[in-house]
4 protein chains.
Amino acid sequence: MKLQAGIIGATGYTGFELANLIHRHPHAELAWATSESSAGKRLSDLYATPNDTLLIRQEDAPIAQADVVFLCLPHVASMDAVAQVRAARVSAIDLSADFRLPDAEVYRHWYGHEHTQSALLAESVYGLCEVNRSSLAEAELVGNPGCYPTTVNLALWPLAKAGVLDPRVIADSKSGVSGAGRSLKVGSLFVEANENLSPYSIGYSHRHIAEMELVLCPYVPDLDITFSPHLLPVNRGILSTIYVDLDPVLSELQIRDIFAADYANEPFIHLLPAGQVATLRHTVGSNRCAIGITSLPRPGRWIITASEDNLLKGASGQAVQNMNIMFRLEETAGLV
Amino acid sequence: MKLQAGIIGATGYTGFELANLIHRHPHAELAWATSESSAGKRLSDLYATPNDTLLIRQEDAPIAQADVVFLCLPHVASMDAVAQVRAARVSAIDLSADFRLPDAEVYRHWYGHEHTQSALLAESVYGLCEVNRSSLAEAELVGNPGCYPTTVNLALWPLAKAGVLDPRVIADSKSGVSGAGRSLKVGSLFVEANENLSPYSIGYSHRHIAEMELVLCPYVPDLDITFSPHLLPVNRGILSTIYVDLDPVLSELQIRDIFAADYANEPFIHLLPAGQVATLRHTVGSNRCAIGITSLPRPGRWIITASEDNLLKGASGQAVQNMNIMFRLEETAGLV
Amino acid sequence: MKLQAGIIGATGYTGFELANLIHRHPHAELAWATSESSAGKRLSDLYATPNDTLLIRQEDAPIAQADVVFLCLPHVASMDAVAQVRAARVSAIDLSADFRLPDAEVYRHWYGHEHTQSALLAESVYGLCEVNRSSLAEAELVGNPGCYPTTVNLALWPLAKAGVLDPRVIADSKSGVSGAGRSLKVGSLFVEANENLSPYSIGYSHRHIAEMELVLCPYVPDLDITFSPHLLPVNRGILSTIYVDLDPVLSELQIRDIFAADYANEPFIHLLPAGQVATLRHTVGSNRCAIGITSLPRPGRWIITASEDNLLKGASGQAVQNMNIMFRLEETAGLV
Amino acid sequence: MKLQAGIIGATGYTGFELANLIHRHPHAELAWATSESSAGKRLSDLYATPNDTLLIRQEDAPIAQADVVFLCLPHVASMDAVAQVRAARVSAIDLSADFRLPDAEVYRHWYGHEHTQSALLAESVYGLCEVNRSSLAEAELVGNPGCYPTTVNLALWPLAKAGVLDPRVIADSKSGVSGAGRSLKVGSLFVEANENLSPYSIGYSHRHIAEMELVLCPYVPDLDITFSPHLLPVNRGILSTIYVDLDPVLSELQIRDIFAADYANEPFIHLLPAGQVATLRHTVGSNRCAIGITSLPRPGRWIITASEDNLLKGASGQAVQNMNIMFRLEETAGLV
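Every value quoted in this text rests on a predicted model; they were computed, and no experiment measured them. (Residues numbered from 1 in each chain as written. Chains lettered and ligands numbered in written order. Predicted model: local features only at pLDDT ≥ 70, side-chain atom pairs only at ≥ 80, totals over all residues. Heavy atoms only, no water.)

## Observations regarding the packing of aromatic side chains
To describe a pair of aromatic rings, one takes the distance between the centres and the angle between the planes. Under the counting rule described, the total for this entry stands at 26 aromatic pairs over all chains. Here the aromatic rings of Phe190(A) and Phe190(B) are separated by 5.4 Å at their centres, their planes lie at 15 degrees, and the arrangement is stacked. Separated into two different chains, Phe190(A) in helix α8 (residues 190-193) and Phe190(B) in helix α7 (residues 190-193) make up a pair that spans both. Consider the rings of Trp157(B) and Tyr263(B), whose centres lie 6.2 Å apart with planes at 35 degrees: the pair is tilted. (Phe/Tyr/Trp six-rings, centres within 6.5 Å; stacked < 30°, edge-to-face > 60°. Helix = DSSP H or I, 4+ residues; strand = E, 2+ residues; numbered from the N terminus.)

Next comes the structure, spelled out in structure tokens:
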């Protein structure tokens, strides 16, 4: 008997990606999928796909028939929906921002909304698989990480944990347009994004900074991160070019050892050999994060490049990886 | 004293393109520009441009202060606006479909609306410059041609006029996404159009067929045209690959002579030499239409390839060319 | 014990795609891979991939250790290499054009070379899976089809076989740039292909016409096909827009029945419902061919749209499908 | 009588762009153009253009008939060609790197070649128009700036000159593929660059750093710049996202005043208003550099965004601007 998965909000890019991942998963199947705007239609009416899953209304979703429910709703909208899933004692993996930050006050600061289900925050585990694997194995509620923070956190966590990372960090990130979702915005139009490159939300204003601080501040309490996202004319992929100062006594070999200690056996981390930098091509279409380490002439200065597919390791792929961990399936199942 | 031009509807792609063309025109200047949705803003608030023209409400437009008004409104919306301009005895160049078709009944058939200003249709001249130049020189109301028909008509008009074109024609056309305008549609989103190619409105259903019949049927009354538009992942440009049967006694040289007789001195027609085919690159960024002639082994079979920039020769560039003709300016002024 | 596969010529786009497909295949594994230009390097030196398969020289390939050898060489170069594989009594799937056409004279006409292994042509089976499945199940040498003909043949074969296809056909095809391979040509440069669309080899000159005649002429001996390829600014995907005349007494339902009779149970044919047209998005990333049927107002006139991923169903995916058929594996194994 | 311009090396992207700019220039005309590889052909044989300028061999170029010669050769190859032009007492604008750096030793360090014409370095003026305008007005030999340094230098020069720029600077730059030229490299292939983003030459290794030090070190002697170029999937455009520390007592208004003092009247500098960031769209297709200023919460921290069209302000456009300055033409002539 396959694991029964439900998807709430299956018609956005992450929901549709999840529907396809579950469809191909050897040990799980899609029990039901909801859409507020397109209930009664099929996925094949909305996307050029043979996947003709019927979409139902969220209120009609037979939550209790699922072993796990993925929520692909906008933030705020997800809070009560997650509570409903948990009330039915069904495991929830929330792809919105609503259950990533354990502190309701921090949430309010960045998202500008009161958290209506703050009691549930205590049981939610931040779903960065390589960092929180053992907690995730016990979790029944997972806050699936944001796309940008996954690259930055995977690139910096080993360094932070090893105590060699200087607090001042600059992360210059570039994301494909699918990161903006399928909603209708002028900036997401083809003619606007194509043959263009646009910085946006630069200057300590992008909400994803909160997740970087969540993962890194336990090791670097006075973290001072500058994060600059850019809209890139590609469908998928994030590349973060991260400028860091590390303990200047460390050789490149020692730094590579720090990464290898954490990641050498990670199936979804591709540590690049010396001399190579991460590119989108390393990861788009896969659930991997690729990490490159480049030295600068002045001692202690380094550039870490990290890439991922924003809809896979940056969203739906990592969500499936979390499901695999939570349900003791092979962690790579359905992801290669 | 420069010619004073007004633009009604300056914030879509054609309106913005026109504003920039007028701005660079040696003998014209932008007197005013309107926008229903963005009145009070500047063009530089809406586009990444230093052009900071202030946008006013349409009802506040000082029509009488203009020598010529360009209307860049959706069809139907343009009818009464044109009438208002003409009531002020100001010349009008309408970029919508409302004044292209002289027959109100044909208009209703293709556009599904009654024409509220059908009396004005008699004075409107179809603005295909190379075909109607002498009438345009006398015109005070011009229906500026659609983007697709400009390629198809310029490619076939010499052949039709020479009486050598078989009625059965297949035009397989491909257009960049700017042809869909700046309105918010799922199909115009970057992620939907990029790395994709989509036929749409195929099967004798696209409204632009009416303009092909308008120009060609006087010479080929039983014209039987199949027109298949495709959405192409580029910002600008249309390429039409047109399959025709011509009088089989004609040699390639004779066919080229037919084109040369009409176009050899046309500044905006680029007749390609034997062996070359039209590509988007031949014309994007210019007001030109490039035309290539390719033979097939069976006698009388030919492929005509024709390209243009859909926002220039296919819309705003041809509109300025029409203005130049109407006001006896050098026809290429502001267009090179 | 998994099926042992060798790849001769693993560094082009089709060879690399095959290496990855075999890598993920549940019942096959990559025994060895060759490269003339990059022997001694690893795939990960040439592509942004964690696949670090070592490349060996073709002359060092342990052919006899393989159960099946895929050849991804240019045409002409493949002839003797195939003969060598067959001399070792190992099954061969040739992705070049050298073993697609059974008649050495036809080969010479289109490719301009004598066939040095014409004796082997008799045993070669044309690898269009849906058409030749039973012969392929017995084959030890397969000529894997060209990318363009796969779309055109799959779109027309049911109609030709049913005796309802008029000989005159126009196929206007558009292909992504990967179809041109990884060799260094000005036309394949980013700046040349991007924001462009170029017809090429139009006018009964493209070699792939031979494969269309191979598949269709048995049913339509006087086939009169016009085939117009265009270079499209996308990485992957072919869309063919095909204009046909069918027996005018047939209703759309009857035509759909003709297709359904052949394809309803085909795992890799996606017959689109009435009103839908094939787009690249339907198939890119999958081994599918999507087929849409659109009527025109005049009786007997139809447009068939067909799309595929040129590196999957149009090359390496179909090669794996052929391997699955030849070795009695589940036909979809490793392809979903 | 128009200024007579010659182009040595007219078939690369910068040479072709120059040929078109000169063609449209109101006060200059193209006297001759050379190509080593394509002599005897016309530009229209190489590019999809109606510009059918005949290409001659470099040794046949009637240098003395020109008032100004533009050299669009690779570095090293340009040295002796420039010397030959100067020997004929004709003004030279060199678009290679050979005459940008006044110190032959610095040249050798970055470019790995001895400078064979080091005597000419003394008379060469670095062609960053806004910075060196008065020297350029007297120059007969100009070293036209590199594409990347033009953005970085225009963004930082006012700050450096005002004495408020901290030496440590990080410039994260992204360039369209035309910056790599028209030579055949795997990395410039469409399939490699499209849907990808690749850092390259990061880690104080890109030669363009020398020009940043040239312009900024006179004011910031201990400049410590980290420069990270990325290959971006667009045809044209460079965006540099530059992280700087400025004197923390300065308000945003004061910083804007510093920029305005230098640039308020510059026709080709687009100083963006508060709250706006530079994007490619601001400048591609124009000779402008757009500059945005964004504050960070910590005092003294700023992000400067700067964009340009790499073939215009970053190469051929600035070369024409230099010609205009040298020959006392209106500085914007032929550039709008």
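## With respect to a nonpolar patch on the surface
Taken together, the side chains of Leu184(A), Val186(A), Leu184(B) and Val186(B) present a nonpolar region at the surface, about 280 Å² in accessible area. Looking at where Val186(A) falls in the secondary structure, it is placed in the loop between β8 (165-175) and α8. (Patch = residues over 30% accessible without salt bridge, like charges linked within 9 Å, V, L, I, M, F, W, Y side chains within 5 Å. Areas by Shrake-Rupley, 256 points an atom, 1.4 Å probe, with all protein chains shown as cover. Salt bridge = Lys/Arg side-chain N within 4 Å of Asp/Glu carboxyl O.)

## Looking at the relation of the copies chain D and chain A
Placing chain D over chain A gives an RMSD of 0.0 Å and needs a rotation angle of 180 degrees, together with 0.0 Å of translation along the axis. In short, the pair behaves as if placed about a two-fold rotation axis. The residues that chain D uses at the interface reappear at the interface of chain A in 100% of cases, marking a shared surface. (Least-squares fit on C-alpha atoms with pLDDT ≥ 70 in both. Contact = heavy atoms within 4.5 Å.)

## Examining the sheet that holds strand β10 (residues 224-231) of chain D
Residues and elements named next belong to chain D. Spatial strand order, β9-β10-β8-β11-β14-β13-β12: 7 strands in an open sheet with mixed pairing. A strand with exactly one partner marks an edge of an open sheet, and here the two such strands are β9 (198-199) and β12 (269-271). As paired strands, β9 and β10 are joined by 2 bridges and run antiparallel to one another. Opposite Pro199, over in β10, you have His230 as the bridge partner. In the packing of helix α7 (residues 147-161) onto the sheet, contacts are made with β8 (165-175), β10, β11 (238-246), β12, β13 (289-295) and β14 (301-308), and the angle to β11 comes to roughly 30 degrees. The strands touched by helix α10 (residues 252-263) within the sheet are β11, β12, β13 and β14, with β13 carrying the most contacts at an inclination of about 165 degrees. (Pairing = 2+ DSSP bridges. Axes fitted to C-alpha atoms, helices over the stretch in contact; angles between N-to-C directions.)

## Concerning the domain arrangement of chain A
All names here are of chain A. Each assigned domain of chain A is listed with its residue range as follows: domain 1 (3-123) and domain 2 (148-310). Computed over C-alpha atoms, the centres of domain 1 and domain 2 are 27 Å apart. Contacts between the two partners involve 11 residues from domain 1 and, on the opposite side, 14 residues from domain 2. Interface of domain 1 and domain 2: buried area, both sides summed, is about 1100 Å²; carbon and sulfur atoms make up 58% of it. Sorting the residues of domain 1 by area buried against domain 2 places Tyr13, Arg100 and Trp110 first, and these three jointly supply 55% of that buried surface. The tally of links from domain 1 across to domain 2 stands at 2 salt bridges. Across the pair Glu211 and Arg100 runs a salt bridge whose closest N-O atoms are separated by 2.8 Å. For the pair domain 1 and domain 2, the interface holds 5 residue pairs in polar contact (both at pLDDT 80 or more). Listing elements by their share of the side of domain 1 that touches domain 2, those giving two or more residues are α1 (13-24) and α4 (104-111). (Domains from an automatic or database assignment. Buried area = accessible area lost by both parts, 1.4 Å probe. Polar contact = N/O pair within 3.5 Å; in protein donor to acceptor, adjacent residues only side chain to side chain.)

## Regarding helix α1 (residues 13-24) of chain C
All names here are of chain C. Across its 12 residues, α1 extends 17 Å between first and last C-alpha, which sits within 8% of the 16 Å expected from 1.5 Å per residue. Among the 12 residues that make up α1, 9 are buried, leaving the element largely enclosed by the rest of the structure. Among the residues making up α1, those that are buried are Tyr13, Gly15, Phe16, Glu17, Leu18, Ala19, Asn20, Leu21 and Ile22. (Expected span 1.5 Å × (residues − 1). Buried < 20%, exposed > 50% of the residue type's maximum accessible area, 1.4 Å probe, protein only.)

## Here's the deal with empty space enclosed by the protein
Summary: where empty space remains is shown by rolling a probe the size of a single water molecule over the atoms. Per the counting criterion, the structure on display carries 3 cavities of 30 Å³ or more. Roughly 90 Å³ of volume is contained in the largest cavity. For the largest cavity, the lining is made up of 14 residues, of which Asn194(A), Asn194(B), Asn194(C), Pro233(C) and Asn194(D) are closest to its centre. (1 Å grid on protein atoms, 1.4 Å probe; cavity = no way out; pocket = protein on both sides within 12 Å on 5 of 7 lines; lining within 4 Å. Points joined across faces, edges and corners; volume = space filled by probe spheres on them.)

## Points about the interface of chain D and chain A
Each partner contributes to the interface: chain D provides 42 residues, whereas chain A provides 42 residues. With both chains or domains summed, chain D and chain A bury close to 3400 Å², and 55% of this area falls on carbon and sulfur atoms. The interface formed by chain D and chain A includes 8 salt bridges. Asp245(A) is the salt-bridge partner of Arg168(D), the closest N and O atoms lying 2.8 Å from each other.

## Points about the environment of His230(D)
Relative to the helices and strands, His230(D) is located in strand β10. Between the C-alpha atom of His230(D) and that of Ser175(D), which follows or precedes it by 55 residues, the distance is 6.2 Å. Not counting residues within four places of it along the chain, the set of residues in contact with His230(D) comprises Lys174(A), Leu239(A), Thr241(A), Tyr148(D), Asp172(D), Ser173(D), Lys174(D), Ser175(D), Leu197(D), Ser198(D), Pro199(D) and Tyr200(D). Of the polar contacts made by the side chain of His230(D), one reaches the side chain of Thr241(A); its length is 2.8 Å.

## Brief notes about the pattern of salt bridges
Summed over all chains, the structure comprises 84 salt bridges over all chains. Arg256(B) is the salt-bridge partner of Glu252(B), the closest N and O atoms lying 2.9 Å from each other. With Glu252(B) and Arg256(B) both in helix α9 (residues 252-263), this residue pair falls 4 residues apart, about one helical turn. Shared partners join several salt bridges into a network, and the residues in it are Arg168(A), Asp224(A), Asp245(D), Arg298(D) and Arg301(D).

## Focus on unusual backbone geometry
Phi is positive for Arg89(B), close to 60 degrees, though the residue is something other than glycine. Positionally, Arg89(B) belongs in the loop between α3 (77-87) and β5 (91-94). A relative accessible area of 77% places Arg89(B) in the exposed class. If you check the backbone angles, Glu195(C) has positive phi at about 55 degrees while not being a glycine. In this fold, Glu195(C) is placed in the loop between α8 (190-193) and β9 (198-199). Here Glu195(C) falls in the buried class, since its relative accessible area comes to 14%.

## A few points about the relation of the copies chain B and chain D
Of the transformation superimposing chain B on chain D, the axial component is 0.0 Å and the angular component is 180 degrees, with the fit at an RMSD of 0.0 Å. Both copies present the same face, since 100% of the interface residues in chain B are matched by interface residues at the equivalent positions in chain D.

## Describing the interface of chain B and chain D
Every contact between the two is made by 15 residues of chain B and, on the other side, 15 residues of chain D. Where chain B abuts chain D, roughly 1100 Å² becomes buried across the two surfaces, and 54% of that area is made up of carbon and sulfur atoms. The three residues of chain B that bury the most area against chain D are Ala48(B), Pro50(B) and Glu195(B), which together make up 40% of that side's buried surface. Here chain B and chain D share 0 salt bridges between them. In this assembly, chain B and chain D are joined by 2 residue pairs in polar contact (both at pLDDT 80 or more). For the side of chain B that touches chain D, a count of residues per class yields 3 nonpolar, 8 polar and 4 charged. (Nonpolar A, V, L, I, M, F, W, Y, C, P; charged D, E, K, R; others polar.)

## Here's the deal with the side chain of Ser228(D)
As for its position among the elements, Ser228(D) is in strand β10. Apart from the residues within four sequence positions on either side, Ser228(D) is in contact with Tyr243(A), Ile303(A), Ala171(D), Asp172(D), Ser173(D) and Ile202(D).

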